[in-house]
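Structural description and commentary
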Amino acid sequence: ARDMPLEAAQREIAATVLWNLRLIAGWLPPGGLQVVQPLAAWFELANIEERLAYLAGGAHPPPYQLGRLGIAWPVVSRATTPDAVRTALAHSRWGDPGDDPPPAWMVTLRFRWAAWVATSVPGADVWAAAASALLAARVRFGSQNPMHVSAIRAFGLPPDWARAATIAELRSMLPDQTAWALTGSGRLHSGRVAA
């Protein structure tokens, strides 16, 4: 529909991608689910983030339907507190997201997702590392109040990545195969951030 709001159209497209992943998963031989499930985990992360927002008083959009591709979502979908969400995650493949506030949980889970994709989907390691670099730049430099991220281990990034004071410095820490992801991003935020 031409008059569909952009956000609704984006959600419909994403739901269609998930539906196709579910169809593919249904046709895969035994063990094939291990390749598709990490790809579908993006939708579970979206559901988890929306559940946490709802528990904090936000809107309640209909969740993505994961079927057997879900990991923690069947339990998280019934959680009525952030602590219950954390417990459900801790007892799943995602693991405990830590003591930080829920927005930091989502950063931790996204970095874990990148590592999972890199180690489970053949040929996806460079893309997953580039995604980690973009997420690191967004978390570190994307707002005036950067999130405390020093303890987060990020796939494809050096252990001291959170000490980078500029995007250029972060980019210089990366190998050439992933540094390209931050090329030109210095124009987005030219200020320095205290370590």
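This report concerns the structure included in the present document. (Residues numbered from 1 in each chain as written. Predicted model: local features only at pLDDT ≥ 70, side-chain atom pairs only at ≥ 80, totals over all residues. Heavy atoms only, no water.)

Overview of the overall build of the protein chain
The helix and strand tally for the protein chain stands at 8 helices and 0 strands. Secondary structure of the protein chain in N-to-C order comes out as α-α-α-α-α-α-α-α. Every one of the 195 residues in the protein chain was classed for burial, and the buried ones make up 39%. Once local pairs closer than 6 in sequence are excluded, the contacts in the protein chain between residues at least 24 apart make up 57%. With the model as given, the accessible surface of the protein chain reaches about 11,200 Å², and the carbon-plus-sulfur share is 58%. (Helix = DSSP H or I, 4+ residues; strand = E, 2+ residues; numbered from the N terminus. Buried < 20%, exposed > 50% of the residue type's maximum accessible area, 1.4 Å probe, protein only. Contact = heavy atoms within 4.5 Å. Areas by Shrake-Rupley, 256 points an atom, 1.4 Å probe, with all protein chains shown as cover.)

Concerning the packing of aromatic side chains
Overall, the coordinates contain 6 aromatic pairs when judged by the stated rule. When the ring of Trp-42 is compared with that of Tyr-64, the centres are 6.2 Å apart and the planes differ by 55 degrees; the resulting orientation is tilted. Remark: Tyr-64 occurs in the loop between helix H2 (33–55) and helix H3 (73–76) and Trp-42 occurs in helix H2; sequence separation between them is 22 residues. Centre to centre, the rings of Trp-94 and Trp-116 are 5.7 Å apart; their planes meet at 90 degrees, and the pair counts as edge-to-face. (Phe/Tyr/Trp six-rings, centres within 6.5 Å; stacked < 30°, edge-to-face > 60°.)

What about the nonpolar core?
In terms of nonpolar packing, the biggest core is built from 27 residues, with Ile-48, Val-76, Val-85, Leu-89 and Trp-94 touching the most fellow members. Mapped onto this core, the elements with two or more residues apiece are helix H1 (6–27), H2, H3, helix H4 (82–90) and helix H5 (102–120). In terms of residues, this core owes the most to one element, H2, which gives 8 residues. Setting aside its immediate chain neighbours within four residues, Ile-48 contacts Trp-73, Val-76, Val-85, Leu-89, Trp-94 and Met-106. Core analysis: the next-biggest nonpolar cluster, separate from the first, contains 19 residues, Val-107, Leu-135, Leu-157 and Leu-182 among them. (Core = buried A, V, L, I, M, F, W, Y, C linked by side-chain atoms within 4.5 Å.)

Focus: the side chain of Thr-108
The topology assignment puts Thr-108 in helix H5. Those residues within four positions of Thr-108 in sequence are excluded, and the remaining contacts are Pro-97 and Ile-152.

Let's talk about H2
Relative to the 33 Å expected for 23 residues at 1.5 Å per residue, H2 spans 31 Å between its end C-alpha atoms, a close match to the ideal helical length. Of all the bends in H2, the greatest, near 35 degrees, is centred on Leu-39. Looking one or two residues past H2, Gly-57 carries a phi angle of roughly 105 degrees, positive in sign. (Expected span 1.5 Å × (residues − 1). Bend = angle between axes of the 7 residues up to and from the residue.)

Here we look at helix H6 (residues 125–141)
Between its first and last C-alpha, H6 extends 24 Å over 17 residues, near the 24 Å set by a 1.5 Å rise per residue. Buried residues of H6: Ala-128, Ala-129, Ala-130, Ser-132, Ala-133, Leu-135, Ala-136, Ala-137, Val-139, Arg-140 and Phe-141, and no others. Contact partners of the buried residues in H6: H5, helix H7 (167–173) and helix H8 (176–179).

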